[in-house]
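# Fold and contact review
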Amino acid sequence: MKQLVKLLDQANPLKGYASELQSAMTQVALVCDLHEDGTNIFPSKKEVIETMANAIQKMCEVSDILLSIKCNLQPQNGGDLS
């Protein structure tokens, strides 16, 4: 049960990490693609942004599931899991 409580306690921080990653993704999107001479600075930029977006989405989904489990367990135990 202690492991479950630890896991459920990570739901809120996970949303925070997703938010931070989203801010970082914005910064990556702003990086120029080309040097002044026309050479590509960041050839995999689109793939990196897509990977970050997928990670953000999954982190939010997992956080929502954990929060839902936590809410559903609290009334059954008559106590607080936090």
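Use the structure listed above.
Summarised in this report is the structure supplied together with it.

Parameters at a glance
Residues numbered from 1 in each chain as written. Predicted model: local features only at pLDDT ≥ 70, side-chain atom pairs only at ≥ 80, totals over all residues. Heavy atoms only, no water. Helix = DSSP H or I, 4+ residues; strand = E, 2+ residues; numbered from the N terminus. Rg over C-alpha atoms; globule rule 2.2 N^0.38 Å. Buried < 20%, exposed > 50% of the residue type's maximum accessible area, 1.4 Å probe, protein only. Contact = heavy atoms within 4.5 Å. Areas by Shrake-Rupley, 256 points an atom, 1.4 Å probe, with all protein chains shown as cover. Lys, Arg positive; Asp, Glu negative; His and termini not counted. Charge placed at Lys NZ, Arg CZ, Asp CG, Glu CD. Core = buried A, V, L, I, M, F, W, Y, C linked by side-chain atoms within 4.5 Å. Axes fitted to C-alpha atoms, helices over the stretch in contact; angles between N-to-C directions. Parallel < 35°, antiparallel > 145°, perpendicular 65-115°, else oblique. Nonpolar A, V, L, I, M, F, W, Y, C, P; charged D, E, K, R; others polar.

### Description of the overall build of the protein chain
Counting its regular elements, the protein chain contains three helices and zero strands. Along the protein chain, helices (α) and strands (β) appear in the sequence α-α-α when read from the amino end. Whereas a compact globule of 82 residues would reach a radius of gyration of roughly 12 Å, the protein chain reaches 19 Å, over 25% beyond that. Principal-axis analysis of the C-alpha atoms places the extent of the protein chain at approximately 65 × 15 × 15 Å. For the protein chain, the proportion of its 82 residues judged to be buried stands at 20%. Excluding contacts between residues fewer than 6 apart, the proportion of contacts in the protein chain whose partners are at least 24 apart in sequence is 62%. Of the accessible surface of the protein chain, which amounts to about 6,000 Å², a share of 58% is contributed by carbon and sulfur atoms. One finds the centroid of the 7 positive side-chain charges in the protein chain at a distance of 11 Å from the centroid of its 10 negative side-chain charges.

### As for the environment of Ser-23
By the secondary structure assignment, Ser-23 is in helix H2 (residues 11-30). Exposure remark for Ser-23: the relative accessible area of 43% places this residue in the partly exposed category. Along the chain, Ser-23 and Phe-42 lie 19 residues apart, while their C-alpha atoms are 18 Å from each other.

### Focus: the nonpolar core
Ranked by size, the top nonpolar core spans seven residues in total: Leu-14, Ala-18, Met-25, Val-28, Met-52, Ile-56 and Met-59. Within the residue set of this core, elements represented by two or more residues are H2 and helix H3 (45-77). It is H2 that provides the largest number of residues to this core, a total of four residues. Contacts of Met-25, omitting those with residues within four sequence positions, involve Ile-49, Met-52, Ala-53 and Ile-56.

### A closer look at the packing of helix H1 (residues 2-9) against H2
Relative orientation and spacing of two packed helices are given, respectively, by the angle between their axes and the distance between those axes. Two elements in contact, H1 and H2, have axes separated by 5 Å at closest approach and are oriented at 30°. Viewed along their axes, H1 and H2 adopt a mutual orientation that is roughly parallel. For the pair H1 and H2, the contacting residues are Leu-7, Leu-8 and Asp-9 in the first and Ala-11, Asn-12 and Pro-13 in the second. Class assignment of the residues belonging to the contact of H1 with H2 gives a composition of four nonpolar, one polar and one charged.

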